[in-house]
Number of protein chains: 4
Amino acid sequence: MKKFYTQVRVLFADTDAMGIVYHGNYLRWFEAGRNEFLREIGFPYAELEKLPVWLPLAAAHLTYLAPARYDDLLEITTWPSRLTYATVRMNYEARQKESGELLVKGYTDHAITDDQLKLIRAKKICPEVYETIQKIVEENEAEDAPQP
Amino acid sequence: MKKFYTQVRVLFADTDAMGIVYHGNYLRWFEAGRNEFLREIGFPYAELEKLPVWLPLAAAHLTYLAPARYDDLLEITTWPSRLTYATVRMNYEARQKESGELLVKGYTDHAITDDQLKLIRAKKICPEVYETIQKIVEENEAEDAPQP
Amino acid sequence: MKKFYTQVRVLFADTDAMGIVYHGNYLRWFEAGRNEFLREIGFPYAELEKLPVWLPLAAAHLTYLAPARYDDLLEITTWPSRLTYATVRMNYEARQKESGELLVKGYTDHAITDDQLKLIRAKKICPEVYETIQKIVEENEAEDAPQP
Amino acid sequence: MKKFYTQVRVLFADTDAMGIVYHGNYLRWFEAGRNEFLREIGFPYAELEKLPVWLPLAAAHLTYLAPARYDDLLEITTWPSRLTYATVRMNYEARQKESGELLVKGYTDHAITDDQLKLIRAKKICPEVYETIQKIVEENEAEDAPQP
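The structure displayed is predicted, hence computed values, not measured ones.

Visitor: Give me the lowdown on helix 4 (residues 127–144) of chain D, citing residues and values where you can.
Guide: Residues and elements named next belong to chain D. Look at helix 4: 25 Å from first C-alpha to last across 18 residues, which is about the 26 Å you get at 1.5 Å a residue. Buried within helix 4 we find Val129, Ile133 and Ile136. The arc enclosing the buried residues of helix 4, seen along the axis, measures out at 55°, which places them on a common side. Exposed positions of helix 4 whose direction lies more than 90 degrees from the buried face are Pro127, Glu128, Glu138, Glu141 and Ala142. Next to the buried residues of helix 4 lie helix 2 (45–48), strand 3 (73–83), strand 4 (87–96) and helix 3 (122–125).

Visitor: Break down the interface of chain D and chain A for me, citing the residues and quoting the values.
Guide: Listed as interface residues are twelve residues of chain D and, on the opposing side, twelve residues of chain A. Of all the elements in the fold, those that place two or more residues in the side of chain D that touches chain A are helix 1 (25–40) and helix 2 of chain D. Sort the elements by how many residues they give to the side of chain D that touches chain A and helix 1 of chain D lands first, with four residues. Its residues assigned to classes, the side of chain D that touches chain A comprises eight nonpolar, one polar and three charged.

Visitor: I'd love a proper account of the environment of Gly100(B), names of residues and values included.
Guide: Examined against the element boundaries, Gly100(B) turns out to sit in the loop between strand 4 (87–96) and strand 5 (102–111). Between the C-alpha atoms of Gly100(B) and Glu75(B), which are 25 residues apart in sequence, the distance is 8.3 Å.

Visitor: Please set out the sheet that holds strand 4 of chain D residue by residue, giving values where relevant.
Guide: The strand order 1(C)-3(C)-4(C)-5(C)-2(C)-2(D)-5(D)-4(D)-3(D)-1(D) describes an open sheet built from ten strands, whose pairing is antiparallel. Two strands close off the open sheet at either side, each with one partner strand: strand 1 (4–9) of chain C together with strand 1 (4–9) of chain D. With strand direction ignored, the average angle separating the axes of adjacent strands in the sheet is 20°. Against the sheet, helix 4 (residues 127–144) of chain C touches strand 3 (73–83) and strand 4 (87–96) of chain C, its axis set at about 100° to strand 3 of chain C.

Visitor: Give me the relation of the copies chain D and chain A: which residues, what numbers.
Guide: In screw terms, the move from chain D to chain A is a rotation of 180° and a rise of 0.0 Å along the axis, fitting with an RMSD of 0.0 Å. Expressed as an axis order, the relation between the two copies is that of a two-fold axis. Scanning chain D for the C-alpha nearest the rotation axis identifies Val8(D), at a separation of 5.0 Å. When the interface residues of chain D are mapped onto chain A, 100% of them again lie at the interface, so the same face is used by both copies.

Visitor: I'd like a rundown of the interface of chain B and chain A, residues and numbers included.
Guide: Across the boundary between the two partners, chain B contributes 17 residues, which contact 17 residues of chain A. For the side of chain B that touches chain A, the secondary structure elements donating two or more residues are helix 1 (25–40) and strand 2 (57–64) of chain B. For the side of chain B that touches chain A, the leading source of residues is strand 2 of chain B, giving eight residues. By residue class, the composition of the side of chain B that touches chain A is twelve nonpolar, four polar and one charged. Sheet topology note: the strand 2 (residues 57–64) of chain A/strand 2 of chain B ladder contains five bridges and is antiparallel. Looking across to strand 2 of chain B, one finds that Leu62(A) is bridged to Ala60(B).

Visitor: Could you give an account of the relation of the copies chain B and chain A, with specific residues and numbers?
Guide: Note on the copies: chain B fits chain A at an RMSD of 0.0 Å, the axial shift is 0.0 Å, and the rotation between them is 180°. Interface residue correspondence from chain B to chain A reaches 100%, placing this contact among same-surface, isologous pairings.

Visitor: I'd love a proper account of the environment of Glu98(A), names of residues and values included.
Guide: All names here are of chain A. Within the secondary structure, glutamate 98 is located in the loop between strand 4 (87–96) and strand 5 (102–111). Given 10 C-beta atoms within a 10 Å radius, glutamate 98 is considered exposed. Sequence separation between glutamate 98 and asparagine 25 is 73 residues, and the spatial gap between their C-alpha atoms is 20 Å.

Visitor: Before we move on, can you summarise the sheet that holds strand 4 of chain A with the specific residues and values?
Guide: If you walk across this open sheet you meet the ten strands as 1(A)-3(A)-4(A)-5(A)-2(A)-2(B)-5(B)-4(B)-3(B)-1(B), and the pairing is antiparallel. On the outer flanks of this sheet lie strand 1 (4–9) of chain A together with strand 1 (4–9) of chain B, each paired with one strand and no other. Going from strand to strand, the sheet's axes swing by 20° on average, the running direction of each strand aside. Of the strand pairs in this sheet, strand 1 of chain A and strand 3 (residues 73–83) of chain A are connected by six bridges, and their pairing is antiparallel. Paired with Gln7(A) across the two strands is Glu75(A), which belongs to strand 3 of chain A. Sheet strands in contact with helix 4 (residues 127–144) of chain B are strand 3 (73–83) and strand 4 of chain B, and its direction is about 100° off that of strand 3 of chain B.

Visitor: If you had to explain unusual backbone geometry to someone new, which residues and values would you point to?
Guide: Residue and element names in this part refer to chain B. A cis amide bond, omega -5°, links leucine 51 with the succeeding residue proline 52. Positive phi, close to 75°, is recorded for aspartate 71, a residue that is not glycine. With respect to the helices and strands, aspartate 71 occurs in the loop between strand 2 and strand 3.

About the cut-offs
Residues numbered from 1 in each chain as written. Chains lettered and ligands numbered in written order. Predicted model: local features only at pLDDT ≥ 70, side-chain atom pairs only at ≥ 80, totals over all residues. Helix = DSSP H or I, 4+ residues; strand = E, 2+ residues; numbered from the N terminus. Expected span 1.5 Å × (residues − 1). Buried ≥ 20, exposed ≤ 12 C-beta atoms within 10 Å, placed from the backbone. Arc of directions from axis to C-beta. Contact = placed C-beta atoms within 7 Å. Nonpolar A, V, L, I, M, F, W, Y, C, P; charged D, E, K, R; others polar. Pairing = 2+ DSSP bridges. Axes fitted to C-alpha atoms, helices over the stretch in contact; angles between N-to-C directions. Least-squares fit on C-alpha atoms with pLDDT ≥ 70 in both.

In structure tokens form, the structure reads like this:
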């Protein structure tokens, strides 16, 4: 699988009075993973915005398996799994860096829009981005397919 | 349907550079809805904690239909829909207060645990809370059922 | 003193693993106080923006006297104390609503700018806002002055 | 001057509808700087907590000189400047990494307490930490002193 990695350090700002990371903050770290993914494939979001191509959220899902705590070093894994003419799904895992324990997994579905939040045909407006992501999705799908 | 309502005012703190509410912040407002729901049924979460009964998240799902913007007044609707021996699902809608437009809907699944995050049998540890929520779930289900 | 009041309920989202409100979140509630102040004097910030008049921060100061905890109901008191041709100082107190205990006090200094963050002459661009705030500042100063 | 450096990348989560970083978020990054400072001098905060030594905020001051925007890479500079028997001041600068432009400077004053938020004599409870910080403060003061 072609996946992308970034690290985050848990601050007090990220925790709550239960002594664990507040559940909402994983969406922030998923954003960090998504940003670094786009940078690594050569299309930083700050560049996409200039086209203008925006990726507002259509949906988000998170499954919480184990808590993270203050000062934990987390590794965020990010990869795209679905690309349609105007939507893309990004997948994420948050793990303890040291132990590799999976803490939270999830995905975000994004509309592909202009700066007025109107859907655009990604393949036409930003063909290079579209094809690069499509290639990663296909490579990952091929690897997932049952072997003869 | 027996639903519970609370209001929130969108601050700059809640928005992002797209000019709309940052998607992660709805989980904060769902928490506000959940807190007020528990207070209204007579079991504020601050009281549950003393038993101790905690409700850490097991999963969250959000569907984004329309953006909210700075200074919008939002109404958060909250209701429980599933209760098992050690889990509960809470449902939410965020609407524009004035127009009633539905912006975001979602749910959070909660484990029912002690203060060490160990699952507990809610029916035994906090029977009054359990029965109160169960009654609301049943009332809502009855109303949802097909009519003869 | 002519002061303005708004209330906030402490969520888990606002707390940290010390079991108290994370210090940075008071700036959020000071914003809430500032927004409601502007609304009450008849010039909601959402309206100022259309002129366009922006109030970006030039400085902030907070003094922490006592901690707030999950589910506390806080009262935020807000009032303006200094107005120059292109700056305004807003003052804040955060108190426990029930006991009146002062938890945090502080101020924010704002530049008065257009939507390009360029300083503007408030008295000329938005004279009604300027005069309304100036009047409140003067009333408060008069009350603070030593009595004969 | 003996200073300590850490980097942060601005996310959408950090920005607001003005298109710039929300002012309250610098306190989060100052925390990141403080955490990395303590780690570098050999006393990560997660270790201090076990003693228990806590560093709750007594005051914070921020001066905003220029805005940061989405995807900016910031360098946070951190150093201690005052140490008394039960308080410590930490200083911060946030700069554009690439240009070196100073965006925000500030300080946080911390009480040195136990886990009940009671002041403790740092020199007695955690002498190694105290002396290490004191040495850095003195070195920085010596460098700041007027030269003959």
